[in-house]
Amino acid sequence: MAQMTQQDINGVVWRACDTFRGTIDPAQYKDYILVMLFLKYLTDLRNDKREEYRKKYKGDETRVERAMSRERFVLPEKADFDYLYDNRESKRGEKSIGELIDEALAAIEDANKEKLDGVFRNISFNSEANFGETKERNTRLQHLLEDFHDLDLRPSQIGNRDVIGDAYEYLIGQFAADSGKKGGEFYTPPEVSTLLARIVAPKSGDRIYDPCCGSGSLLIRAAKEVPDGNVALFGQEMNAGTWALCRMNMFLHGFDGAEIERGDTIRNPKRIKDDALEKFNVVVANPPFSLDKWGADKAANDPWQRFLRGVPPKGRGDFAFILHMIASMTATDGRIGVVVPHGVLFRGGSEGKIRRKLIEENLLEGVVGLPANLFFGTGIPAVLLFFNRAKKDKKVFFIDAGQEFEEGKNQNRLRGQDIEKIIETWNARKSVEKYSLLVSPEEIEENDFNLNISLYVDTFEEEEEIDIGAVQGEIVQLEVTLENTRKELALALEGLGIR
């Protein structure tokens, strides 16, 4: 069988969605698809490892099974994809396919409690509400198993590839493109994640935290910036389905020790140590834009002292997440990278007061403006804010990267060269005409702590000067030509006897 590309894998996964279309909501069947992808990947990985050990131990099954027992995970008997596929034609009086899949998932959880406990708790393939009555349910799940059987996810075939992470991003992108603003505003394009992770530049030994971690892609990208992989990952995610996907994603990427909590970061932060918020060297996030009802009613009495600089407006939670991140970074070397909507730069009221205090405390290191229409289903322009406890000066660095991108049919995209230019400029911290500027706190104060990028980086392009005399000359020439044409036409008509 030819080696599968990511495009092949995405194609199979997307076709598998046909099993569910029109039956349940895309946001829900996405979870079923990714769980099945996870199970297929575990099975193929197990089979690949077993084959490797059989070659190594020349078919000595005792030594093979001993080696398999020391692997990172256990797939119990009748709990792998191959067993489910072989039993996909459920007969009368036997267990339904949904029951078999649910039992397999429960057995996998039991056998890998430390790493996967609770991951499949909120999903059932035997749900009549989602898949219909038994006969209809069996038919759908049989098709699903047959779709995934075409996938070959053995590492010996696909290499060390981010299969579930890439497939997840692909699916989110597809769903976001179909579902408009609601689907797109929570999806971080991989190019943006890469840019953010490279600028915060995690180091060996760092502890990295994402308080709105979603599927964990941003955490994983940040971790991959550390060549020796010596980092510890922490996250919190409120959505139960996304939390489960994040646990699977961490597992598949080998971050078995990642601690991913479930819950509302603002109302119920889970990373607590010694009765205080736990501290991290690097904090990254793409929080939901301008979240309504984020918990403003409880903020004035916040036990974690996060809102001493002010309480953000109850209908816009952007600064609530920023303040949580600032309270979570270490006092000596803490760095933050966060994706926010442009309004965070200039809105007044309590947000203006918070912004002023953050600048006066010399925490804000820089602002990077991104091109419009990068996010699926919405043209909302976004910016990246970076905070640093160990700034070397009091200035704020502005980059306007909004003009350099690849224009797409539905969404724009940052190209590799655009990312490299931003990184190079950021690292050099140099002012470039119409692109970047290092700004003093005094100048920001003169602008009433408004951080709107256009106040500092002038990208205005003067229009080419028009030569009025030359234009008048062209008009006169055109009029002469027109008059001559009229005369020639009149003579021609006269020759034809037409007046």
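The paragraphs below set out a description of the structure included in this document.

The rules we used
- Residues numbered from 1 in each chain as written.
- Predicted model: local features only at pLDDT ≥ 70, side-chain atom pairs only at ≥ 80, totals over all residues.
- Heavy atoms only, no water.
- Axes fitted to C-alpha atoms, helices over the stretch in contact; angles between N-to-C directions.
- Helix = DSSP H or I, 4+ residues; strand = E, 2+ residues; numbered from the N terminus.
- Parallel < 35°, antiparallel > 145°, perpendicular 65-115°, else oblique.
- Left-handed = near helix turned anticlockwise from the far one by under 90°.
- Contact = heavy atoms within 4.5 Å.
- Nonpolar A, V, L, I, M, F, W, Y, C, P; charged D, E, K, R; others polar.
- Core = buried A, V, L, I, M, F, W, Y, C linked by side-chain atoms within 4.5 Å.
- Buried < 20%, exposed > 50% of the residue type's maximum accessible area, 1.4 Å probe, protein only.
- Phe/Tyr/Trp six-rings, centres within 6.5 Å; stacked < 30°, edge-to-face > 60°.
- Patch = residues over 30% accessible without salt bridge, like charges linked within 9 Å, V, L, I, M, F, W, Y side chains within 5 Å.
- Areas by Shrake-Rupley, 256 points an atom, 1.4 Å probe, with all protein chains shown as cover.
- Salt bridge = Lys/Arg side-chain N within 4 Å of Asp/Glu carboxyl O.
- Lys, Arg positive; Asp, Glu negative; His and termini not counted.
- Charge placed at Lys NZ, Arg CZ, Asp CG, Glu CD.

Overview of the packing of helix α2 (residues 26-56) against helix α14 (residues 240-252)
Here is step 1: At a minimum axis distance of 11 Å, the contact between α2 and α14 shows a crossing angle of 20 degrees. Relative to α14, the element α2 is oriented roughly parallel. Of the two elements, α2 crosses α14, and the hand of that crossing is left-handed. Residues Lys-30, Asp-31, Leu-34, Val-35, Phe-38, Tyr-41 and Leu-42 of α2 form the contact with α14, whose own contacting residues are Gly-241, Leu-245, Met-248, Phe-251 and Leu-252.
Here is step 2: Class assignment of the residues belonging to the contact of α2 with α14 gives a composition of 9 nonpolar, 1 polar and 2 charged.

Details of the nonpolar core
Nonpolar side chains in soluble globular proteins tend to be buried together.
Here is step 1: Of all hydrophobic cores here, the largest spans 99 residues; its most connected members are Ile-33, Phe-125 and Phe-148.
Here is step 2: Residues within four places of Phe-125 in sequence aside, it is in contact with Tyr-32, Val-35, Met-36, Gly-98, Ile-101, Asp-102, Leu-105, Phe-131, Arg-137, Leu-141 and Leu-144.
Here is step 3: Of all hydrophobic cores here, the second largest spans 42 residues; its members include Leu-323, Val-338, Val-383 and Val-457.

Examining the packing of aromatic side chains
Any pair of aromatic rings gets described here by the distance separating the centres and the angle formed by the planes.
Here is step 1: If you walk through the whole model with that rule in mind, you get 17 aromatic pairs.
Here is step 2: With 5.6 Å between their ring centres and 50 degrees between their planes, Trp-294 and Phe-307 make a pair best called tilted. One end of the pair, Trp-294, is in the loop between β6 (282-285) and α15 (296-299); the other, Phe-307, is in the loop between α15 and α16 (318-327), with 13 residues separating them in the sequence. Comparing Trp-294 with Phe-307, the two get one shared label, buried.
Here is step 3: Here the aromatic rings of Phe-398 and Tyr-456 are separated by 4.5 Å at their centres, their planes lie at 25 degrees, and the arrangement is stacked. Of this pair, Phe-398 sits in strand β10 (residues 396-400) while Tyr-456 is found in the loop between α19 (441-446) and α20 (468-495), placing the two residues 58 residues apart along the sequence.

Observations regarding a positive patch on the surface
Here is step 1: Taken together, the side chains of Lys-56, Arg-63, Arg-66 and Arg-70 present a region of like positive charge at the surface.
Here is step 2: Along the polypeptide, Arg-66 turns up in helix α3 (residues 61-68).
Here is step 3: With relative accessibility at 45%, the residue Arg-66 sits in the partly exposed group.

Side note on the pattern of salt bridges
Here is step 1: One pass over the structure, following the stated rule, counts 33 salt bridges.
Here is step 2: Residue Glu-259 pairs with Arg-271 through a salt bridge whose shortest N-O separation is 2.9 Å. Of this pair, Glu-259 sits in strand β3 (residues 259-262) while Arg-271 sits in the loop between β3 and β4 (272-273); the two residues are 12 residues apart in sequence, bridging distant segments of the chain.
Here is step 3: On the basis of relative accessibility, which here comes to 35%, the residue Glu-259 falls in the partly exposed class.
Here is step 4: Between Glu-351 and Arg-347 there is a salt bridge, with the nearest N and O atoms lying 2.8 Å from each other. Residues Glu-351 and Arg-347 agree in their burial class; the two are buried.
Here is step 5: Overlapping salt bridges bring together Arg-207, Glu-259, Glu-261, Arg-271 and Glu-278 as one network.

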